[in-house]
Amino acid sequence: MTENLETITKATETWQKKVLEKRVKKLGLKKSPTRYFTPLDVKKDTFLGKVGYPGQYPFTAGNDPLPRWQAYASKLAKASARHEWGSSGAGKYAGFGTAADYRDYLIKMHSLGRKGAPNIAMDLPTQCGYDSDSDRAVGEVGRVGVAIDSLRDFEIIYEPYTGDLDLDKIASNFTINAPAAIIIAMYAALAEQRGIPLEKLRGTPQNDILKEFIGRGTYIFPPGPSLRLFRDTLVFCTQNMPRFNITSIGGYHMREAGASREHDLAFSMVIGAAYLQTGIDAGLDIDVFAPNFTFNAFGGSMEFYKEIAFQRAARRMWAKMLKERFNATNPRAMTIRQISTAHIGCSSTQLQRPLNNLSRAIIGGMAAGMSGGIPGAFPPYDEPLGLGHSLEAQQLAHDGTRILIYEAKIGEVLDPWAGSYFMESLTDEIEEAALVEIEKIEKMGGVVAAIDSGYMQKAVAGSSYEKQKKIENLEEFIVGVNCFSGEHELNVTTDRSMGDVYDPKLMATAEKRQIENLKHLKSERDNVLVKKNLEHLKTDAGDETVNLMPDILDCVKSYATLQEICDVLREVFSEAQPTKI
């Protein structure tokens with residue numbers, strides 16, 4: 001007998017009154033803490049229109065009909081060479097001290113079979129456009145990343161990358177935003193030094209400046225001039241470095257700052273839309289440049305089901321926006337390209353009983369594998385313990401990923417939740433909540449207006465406060481933090497036999513050594529040429545129609561420093577001011 005919705009509605013009401021409510025009352029509760037889903041929770045849209053197939057619009061079920069990592073999984077397990085899942089050519093995100101310190105770290109990693117390309121974490125002075133000898137850099141040089149003051153630092157970092165590891169054979173990652181144009185120019189200049197055509201370069205700069213106003217805060221210039229620099233990198237890379245990604249959009253950072261799941265999704269979409277519109281306004285073809293947009297990641301949490309639904313909703317929303325709003329026809333332009341999908345987010349790791357973070361990361365890996373990505377057990381358990389994951393923690397994380405792939409066989413089924421009453425309803429729910437937020441921002445005049453007004457920053461601060469309040473009021477529970485933390489609980493530890501990843505002695509002397517290096521550079525370069533190039537940059541910066549990348553490239557090649565270039569732009573663009581919340 002075929003069941004119709006009327007029959008299911010009546011049956012559901014009967015179950016709720018005679019079974020569920022009776023049980024809730026017996027257990028002394030006001031309402032059930034669990035939910036059950038039926039066909040009533042799923043809208044009547046067609047399967048093809050809302051879900052579809054992996055690798056086809058609307059990409060809800062995933063980007064690929066056969067993910068590349070699945071195709072090579074068996075071969076990699078049998079290989080003698082070490083492979084790190086999720087590296088995509090770049091090695092582990094890392095960086096500390098001086099360029100020489102980081103270079104030596106990379107050489108050490110090579111000796112351990114880890115030959116991925118540089119995936120560079122840069123220190124705060126670099127991220128904010130200051131040289132290591134600036135008064136504003138005191139105490140921060142080489143601390144949370146490597147200090148990059150000039151092209152000379154790039155030359156040193158890439159010394160181990162020659163032959164089979166030369167720039168045309170690797171894909172580097174640069175976590176940089178406000179000065180992204182300068183870092184891209186340094187990479188291009190290094191390639192020119194080596195006689196490598198720019199069109200052969202592969203890599204990914206973060207280059208997601210708008211989220212810095214909402215999440216991390218390492219902005220330099222106001223949103224308008226910042227978008228101008230984004231435009232210039234977009235046009236330059238599209239025309240000269242077509243294999244080089246343009247941006248790695250980062251909803252992740254906004255969620256880590258406290259944004260809700262809906263804010264993360266909505267803000268990422270409106271930021272992405274602003275970047276896409278910038279390219280169109282510059283006269284570029286959406287089907288040509290949009291495939292070179294990537295996503296660093298969205299945010300994550302321990303809420304397993306919701307993070308899977310989030311990823312499905314995000315793929316559908318991005319594809320629909322590209323197709324309907326921007327008239328893209330290239331399927332690659334409509335896909336969200338990211339190494340992973342769902343994850344727990346580093347803010348879900350805890351300092352208390354840190355080995356529990358491995359269990360948390362495994363849950364995140366399962367969510368990733370069920371939402372279209374590599375089932376990566378990320379981050380390593382010692383994430384909250386300080387700078388630099390220990391090699392032991394990295395080994396456990398990699399093994400966790402391998403166990404999910406080879407033993408649990410997570411990933412054998414693509415989008416295993418497709419058609420689930422529960423998952424389809426939850427996916428719709430997250431999408432609808434984000435669309436409401438997007439409409440609100442569009443009515444304000446778009447993302448730049450919403451940033452200028454402080455709306456987005458206040459939204460993140462507000463949701464962060466509410467989340468912390470729930471933890472303190474015991475409305476949300478974190479094992480070992482606000483529950484199960486009594487005297488009879490055990491704090492299980494593990495030995496670290498491999499020593500420090502980053503040498504603390506080098507860290508302690510990095511600032512002094514980097515300042516000496518910078519002093520030496522400035523004394524031996526052609527300062528007349530540097531001054532001439534900086535003056536030309538200043539003149540062109542005053543003309544909105546001029547692409548500044550050729551000027552920045554000239555400055556970089558003459559060994560003008562990062563701050564010297566940024567200071568010229570500060571004079572023309574002014575500096576962004578923090579929003580009062």
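In the block above lies the structure referred to throughout.
Residues numbered from 1 in each chain as written. Predicted model: local features only at pLDDT ≥ 70, side-chain atom pairs only at ≥ 80, totals over all residues. Heavy atoms only, no water.

Q: Just to check I follow, could you spell out the side chain of Thr12 for this structure?
A: Along the polypeptide, Thr12 turns up in helix α1 (residues 5-26). At a separation of 2.7 Å, a polar atom in the side chain of Thr12 contacts the main-chain carbonyl oxygen of Ile8. Setting aside its immediate chain neighbours within four residues, Thr12 contacts Thr38 and Leu40. (Helix = DSSP H or I, 4+ residues; strand = E, 2+ residues; numbered from the N terminus. Polar contact = N/O pair within 3.5 Å; in protein donor to acceptor, adjacent residues only side chain to side chain. Contact = heavy atoms within 4.5 Å.)

Q: Looking at this structure, how should I read the sheet that holds strand β4 (residues 202-205)?
A: Strands in a sheet are paired, the pairing made by backbone hydrogen bonds, and the direction either parallel or antiparallel. A sheet is described by the order of its strands in space; here 4 strands give the open sequence β1-β2-β3-β4, paired in parallel fashion. The open sheet has two free edges, formed respectively by β1 (90-94) and β4, since each of these has just one partner strand. Along the sheet, successive strands turn relative to each other by an average axial angle of 10°, direction set aside. In terms of strand pairing, β1 meets strand β2 (residues 117-121) through 3 bridges, oriented parallel. Bridging from a neighbouring strand, Tyr93 pairs with Asn119 of β2. Here helix α5 (residues 99-111) sits on the sheet and contacts β1 and β2; the angle it forms with β2, its principal contact strand, is near 135°. (Pairing = 2+ DSSP bridges. Axes fitted to C-alpha atoms, helices over the stretch in contact; angles between N-to-C directions.)

Q: Just to check I follow, could you spell out the side chain of Ser348 for this structure?
A: Here Ser348 is to be found in the loop between α13 (304-325) and α14 (356-369). The exposure class assigned to Ser348 is buried, which follows from its relative accessible area of 11%. (Buried < 20%, exposed > 50% of the residue type's maximum accessible area, 1.4 Å probe, protein only.)

Q: Is there a simple way to think about the nonpolar core in this case?
A: Side chains of nonpolar character tend, in soluble globular proteins, to be buried together. If you look at the biggest cluster of nonpolar residues, it comprises 137 residues, and the most contacted ones within it are Tyr158, Phe174, Leu265, Met269 and Leu276. With 12 residues, the single largest contributor to this core is helix α8 (residues 180-193). Discounting residues that sit within four places of it in the chain, Leu265 has contacts with Phe298, Phe310, Ala313, Ala314, Met317, Ile430 and Ala434. (Core = buried A, V, L, I, M, F, W, Y, C linked by side-chain atoms within 4.5 Å.)

Q: Could you clarify how one ought to interpret the pattern of salt bridges in this entry?
A: If the charged atoms of two oppositely charged side chains come close together, the side chains can form a pair. A full pass over the atoms with the stated rule returns 36 salt bridges. The salt bridge partner of Glu192 is Lys557, with a shortest N-O separation of 3.0 Å. Of this pair, Glu192 sits in helix α8 while Lys557 sits in helix α21 (residues 549-557), and the two are 365 residues apart along the sequence. On the accessibility criterion, Glu192 (34% relative accessible area) is partly exposed. On the basis of relative accessible area, Lys557 is assigned to the partly exposed category, the value being 37%. Between Arg231 and Glu544 there is a salt bridge; the shortest N-O distance is 3.3 Å. Taken as a pair, Arg231 in helix α9 (residues 223-240) and Glu544 in the loop between α20 (527-541) and α21 lie far apart in primary sequence, 313 residues in all. (Salt bridge = Lys/Arg side-chain N within 4 Å of Asp/Glu carboxyl O.)

Q: Teacher, can you tell me more about unusual backbone geometry here?
A: Leave glycine aside and you will find that most residues have negative phi; peptide bonds, for their part, are mostly trans. Omega for the peptide link from Tyr57 to Pro58 comes to 10°, which places this bond in the cis form. Mapped onto the elements of the fold, Pro58 is located in the loop between α2 (47-50) and α3 (68-71). The amide bond that connects Phe378 to the next residue, Pro379, takes the cis arrangement and shows omega of 0°. Within the secondary structure layout, Pro379 lies in the loop between α14 and α15 (391-407). Even without a glycine there, the phi angle at Asn207 is positive, about 45°. By the secondary structure assignment, Asn207 is in the loop between β4 and α9. Asn207 gets classed as buried once you look at its relative accessible area, which sits at 4%. Residue Arg353 is not a glycine yet carries a positive backbone phi of 45°. Its location among the elements puts Arg353 in the loop between α13 and α14.

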